[in-house]
Amino acid sequence: MSTARSHWSTRFAFILAAVGSAVGLGNLWKFPYMAGANGGGAFVLIYLLCIAAVGVPIFIAELYIGQKGQKNAVASFEATHEKNTPWRCIGFMGLASAFIILSFYSVVGGWILDFSFKSIFNQFAGKSDEEVKGFLGALFESPWTQVGWHFVFMTGTVGIVLGGVRNGIEKWNKILMPTLFALLGVLFIYSFTLSGFSQSISFLFSPDTSKLTAAGVLEAVGHSFFTLSLGMGAIITYGSYLKKKEGLAKIAITVAFLDTLVALIAGVVIFSVVFTHGMEPGGGPTLLFQTLPVLFSKMTGGYILAVAFFLLVAFAAFSSSVSLLEVAVAYWVETKKKDRVRTTLLIGIVIFGIGVLSALSTNVLSDVKIFKFTFFDLFDKLTSSIFLPLGGVLISLFYGWVLGPKAIEESLSLGKKPSLMKIGLLWTTRVLAPVAVMIVLVKGVMDF
Ligand code: PFF
């Protein structure tokens, strides 16, 4: 087996892959329903602040640790600091997060595949609202259908990762990402023609702070980690395939900008459709699966719109799930010197197995509650509200205090001269980001 490490072929290929990891169900499914449920504009404002003040600095920190370490999410802590440093435990926690997140992410990916098929075969057409809404319930009630789609989604993810960094992840992202942007662009232009467009814009962009609750603020902080794939080593792993000479701040800002843009455009499209038909924005997690198909079934051009929309979400979900799987594969292949193909298959099978618990959470195991949550909700809560924020705080502290000013200088490629940007990044990673995120963490733990 060759020990030479793969690298992205170009900086652009890396940006596509990082955007692929960041843009996913978090942007197209979670963000719109969270914004809808938390009153719109005020939530969006807090979310934007979190991305800029906490997300971008931690993104730079993860990229730096990966690029400098040139190793997986565990070994990069050793390579940038010292052998057996306790800080490498952040990497182990990241591995645990990768297994747990991918296990339930793949179940939701399976729902998306199911709805993509339904839309391709025109199954929403000519049905009553109740019938269309009933599709999700029927899917939830059928253990076999859910486990089956979860299997298909995991198989697709494993298939891409099997190809490796260049021939798998990079190649597929080069196809999936431009297609995704093109489809989203078409949907966005279409939304201009809808009567609900301007209401959608004012819902998302005129903040009414009276609608904001403490829980909403905390959700926004937690979501900024999930949406940028932070706090669990995915960006460390992807960063480790970057050659040493790339500047990092621009990359981090570009990825965060594109990720945010996709979330906002998806929000505008979805709420334009919702308001055009006088429906409720606070539909929760079913917004994508019940509200939208009902509306697509009534609209002119609804067939094309539905197919484009669900394929778009499926593409985005795949390009994120491969980054989750790669965290674990990179660790076992590099540190434990395992064969890439066998490792990928084995990890895929284990994650599929864990995911079955989530797929059964809406039927056979719906009465099994741990700390009052079903497996699905437990896995989601545990990772979004605890593991990712905790990982983020520790990564930020490691970067700001342990690696310190030299790492910041290298990340920003600004040389030795003092500058506002350097001081800003230093104290954001040392104090501001950890304190802000600790607040979320305490709340997350209290929720259990
Ligand atoms: N960022 C992805 C999304 O928004 O759907 C989810 C995700 C991918 C989280 C990779 C964490 C991760 F490491």
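Bear in mind that the values here come from a model prediction, so they are computed numbers and not experimental data. Within any chain, residue numbers begin from 1 and follow the written order of that chain's sequence. Note on the predicted model: pLDDT of at least 70 is required for a residue's local features to be given, and 80 or more for side-chain atom pairs to be given and counted; whole-chain, interface and lining totals, by contrast, use all residues. The side-chain quantities take in all heavy atoms of the structure and omit both hydrogens and water.

Peer 1: Could you give an account of the site of the ligand, with specific residues and numbers?
Peer 2: As a matter of local geometry, the ligand sits amid 15 residues, with Leu25, Gly26, Tyr105, Phe226 and Met232 nearest to it. Here a polar contact means two N or O atoms within 3.5 Å. Within protein one must be a hydrogen donor candidate and the other an acceptor candidate, and residues neighboring in sequence count only if both atoms are side-chain atoms. With respect to the ligand, the backbone of Ala22 contributes an N or O atom lying 3.0 Å from a nitrogen atom. Take Tyr105: an N or O atom from its side chain is 2.5 Å from an oxygen atom of the ligand. Considering the ligand on its own, with 340 Å² of exposed area, one finds that the protein chains cover 100% of that surface. Whether a residue is near a molecule or strand is decided by its heavy atoms; if any one of them lies within 4 Å of it, the residue is near. Under the convention used here, a 1.4 Å probe and the Shrake-Rupley method define accessible areas, while residue burial counts only the protein chains that appear.

Peer 1: Kindly report on the confidence of the model for the protein chain, identifying the contributing residues and their values.
Peer 2: What pLDDT reports is the predictor's confidence in each residue, on a scale of 0 through 100. Residue-level pLDDT values for the protein chain average 90, and 99% of them are 70 or greater. Per-element mean pLDDT across the protein chain ranges from 82 in helix 13 (residues 287-296) up to 97 in helix 15 (residues 340-359). Helix and strand assignments follow DSSP, with helices taken as H or I runs no shorter than four residues and strands as E runs no shorter than two, numbered in order from the N terminus.

Peer 1: Explain a nonpolar patch on the surface to me, using residue names and the numbers behind them.
Peer 2: Exposure above 30% relative accessible area and no salt bridge define the residues that can form patches, which grow by joining like charges within 9 Å and nonpolar side chains of Val, Leu, Ile, Met, Phe, Trp and Tyr within 5 Å. In the sections that follow, a salt bridge refers to a side-chain nitrogen of Lys or Arg positioned within 4 Å of a carboxyl oxygen of Asp or Glu. Together, Trp401, Ile423, Trp427, Val431, Val435 and Ile439 line one region of the surface with nonpolar side chains, adding up to about 580 Å² of accessible area. When residues of the nonpolar patch are assigned to their parent elements, the largest contribution, five residues, is made by helix 17 (residues 420-446). Along the polypeptide, Ile423 turns up in helix 17. Each residue is assigned to one of three classes by its accessible area relative to the maximum for its type, calculated with a 1.4 Å probe on protein chains only: buried under 20%, partly exposed between the two thresholds, exposed over 50%. Assessed through its relative accessible area of 48%, Ile423 is described here as partly exposed.

Peer 1: I'd like a description of helix 15, backed by residues and values.
Peer 2: Compared with the 28 Å implied by 1.5 Å per residue over 20 residues, the 28 Å span of helix 15 between its first and last C-alpha is a close match. Within helix 15, burial applies to Arg340, Thr343, Thr344, Ile347, Gly348, Ile351, Gly355, Ser358 and Ala359. Multiply 1.5 Å by the residue count of a helix minus one, and that product is the helix's expected span.

Peer 1: Before we move on, can you summarise helix 17 with the specific residues and values?
Peer 2: The terminal C-alpha atoms of helix 17, which comprises 27 residues, lie 37 Å apart, in line with the 39 Å expected from a rise of 1.5 Å per residue. Looking only at helix 17, the buried set comprises Lys422, Leu425, Leu426, Thr428, Thr429, Arg430, Ala433, Pro434, Val437, Val440, Leu441 and Gly444. Looking at the packing, one finds that the buried side of helix 17 touches helix 3 (41-69), helix 10 (214-227) and helix 16 (375-412). Here, two residues are considered to be in contact whenever any of their heavy atoms come within 4.5 Å of each other.

Peer 1: Can you explain the packing of aromatic side chains? Please cite residues and give values.
Peer 2: Aromatic contacts are taken between Phe, Tyr and Trp rings whose centres are within 6.5 Å, Trp giving its six-membered ring; a plane angle under 30 degrees counts as stacked, one over 60 as edge-to-face, and the others as tilted. Under the definition given, this model contains 35 aromatic pairs. The interplanar angle of 85° and the centroid separation of 5.6 Å between the aromatic rings of Trp111 and Phe289 together place this pair among those described as edge-to-face. In this pair, Trp111 sits in helix 5 (residues 89-120) while Phe289 sits in helix 13, placing the two residues 178 residues apart along the sequence. Comparing Trp111 with Phe289, the two get one shared label, buried. Ring centres of Phe115 and Phe289 lie 5.2 Å apart, and the angle between their planes is 75°; on these two criteria the pair is classed as edge-to-face. Of the two residues, Phe115 sits in helix 5 while Phe289 sits in helix 13, which places them 174 residues apart along the sequence.

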